Amino acid sequence: MILFKNIPNPKEIRQKLGLNQQEFWGKVGVTQSGGSRYESGREMPKAVRELLRLVHIEHVDLTRIKKDDLLIAAMLKAQYPDLYKNLKKSARQLK
C-alpha cells in the first residue's frame, strides 16, 4: 500500500461503484461541487486522496473506526508482532 498515491481518475472509480457525485464525495467529506472539480482534473489534496482510497478502494467504513481500535491494533503490532501478522494474514483470506 502506497500512501498518498495519485488517483488518476476518480470519476471512473465513482462510475464503477454506481454512485452519483453527492454519494461518492459525501462519504469522504467533500461537497458535490468540490468532487466535480476533482473529476475535471483539479489536483486533490493528499488527505482527500487518502480518504478516497480508504473508503472507495479499500472499502473502509470510516463511521465504524474508533480511536481505541487503532490504539489496540498498534499495541498488538508492537507487543505481539507474530500474532499481529497471523491475524492480518487470516483477515486477508476472508476477502
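Keep in mind that this is a model prediction, so the values were computed, not measured. (Residues numbered from 1 in each chain as written. Predicted model: local features only at pLDDT ≥ 70, side-chain atom pairs only at ≥ 80, totals over all residues. Heavy atoms only, no water.)

K.L.:
Break down the environment of M44 for me, citing the residues and quoting the values.
P.N.:
Tracing the backbone through its elements, the reader meets M44 in the loop between helix 3 (32-39) and helix 4 (46-57). In this structure the C-alpha to C-alpha distance between M44 and P10, which are 34 residues apart in sequence, comes to 9.9 Å. For M44, the residues in contact, after removing those within four places along its chain, are I7, P10, W25, Y38, R49 and L52. (Helix = DSSP H or I, 4+ residues; strand = E, 2+ residues; numbered from the N terminus. Contact = heavy atoms within 4.5 Å.)

K.L.:
Before we move on, can you summarise the nonpolar core with the specific residues and values?
P.N.:
Nonpolar side chains tend to gather and get buried jointly when the protein is soluble and globular. With 11 residues, the main nonpolar core is built from I7, I13, F24, W25, V28, V30, Y38, M44, V48, L52 and V55. With 3 residues, helix 4 is the single largest residue contributor to this core. Contacts of I13, omitting those with residues within four sequence positions, involve I7, F24, L52, H56 and I57. (Core = buried A, V, L, I, M, F, W, Y, C linked by side-chain atoms within 4.5 Å. Buried < 20%, exposed > 50% of the residue type's maximum accessible area, 1.4 Å probe, protein only.)

K.L.:
Explain a nonpolar patch on the surface to me, using residue names and the numbers behind them.
P.N.:
Among the surface-exposed residues, L62, I65 and L70 lie close enough to one another that they form a single nonpolar patch of about 250 Å² accessible area. Among the structural elements, L70 can be located in helix 5 (residues 67-79). (Patch = residues over 30% accessible without salt bridge, like charges linked within 9 Å, V, L, I, M, F, W, Y side chains within 5 Å. Areas by Shrake-Rupley, 256 points an atom, 1.4 Å probe, with all protein chains shown as cover. Salt bridge = Lys/Arg side-chain N within 4 Å of Asp/Glu carboxyl O.)

K.L.:
Quick one: what's the story with the packing of helix 1 (residues 10-17) against helix 4, residue by residue and with numbers?
P.N.:
At a minimum axis distance of 12 Å, the contact between helix 1 and helix 4 shows a crossing angle of 20°. Relative to helix 4, the element helix 1 lies roughly parallel. Crossing hand, helix 1 versus helix 4: left-handed. Where helix 1 approaches helix 4, its residues P10, I13 and L17 are matched on the opposing element by L52, H56 and I57. Classifying every residue of the contact of helix 1 with helix 4 by side-chain character gives 5 nonpolar, 1 polar and no charged. (Axes fitted to C-alpha atoms, helices over the stretch in contact; angles between N-to-C directions. Parallel < 35°, antiparallel > 145°, perpendicular 65-115°, else oblique. Left-handed = near helix turned anticlockwise from the far one by under 90°. Nonpolar A, V, L, I, M, F, W, Y, C, P; charged D, E, K, R; others polar.)

What is shown is where atoms sit, not what they do.
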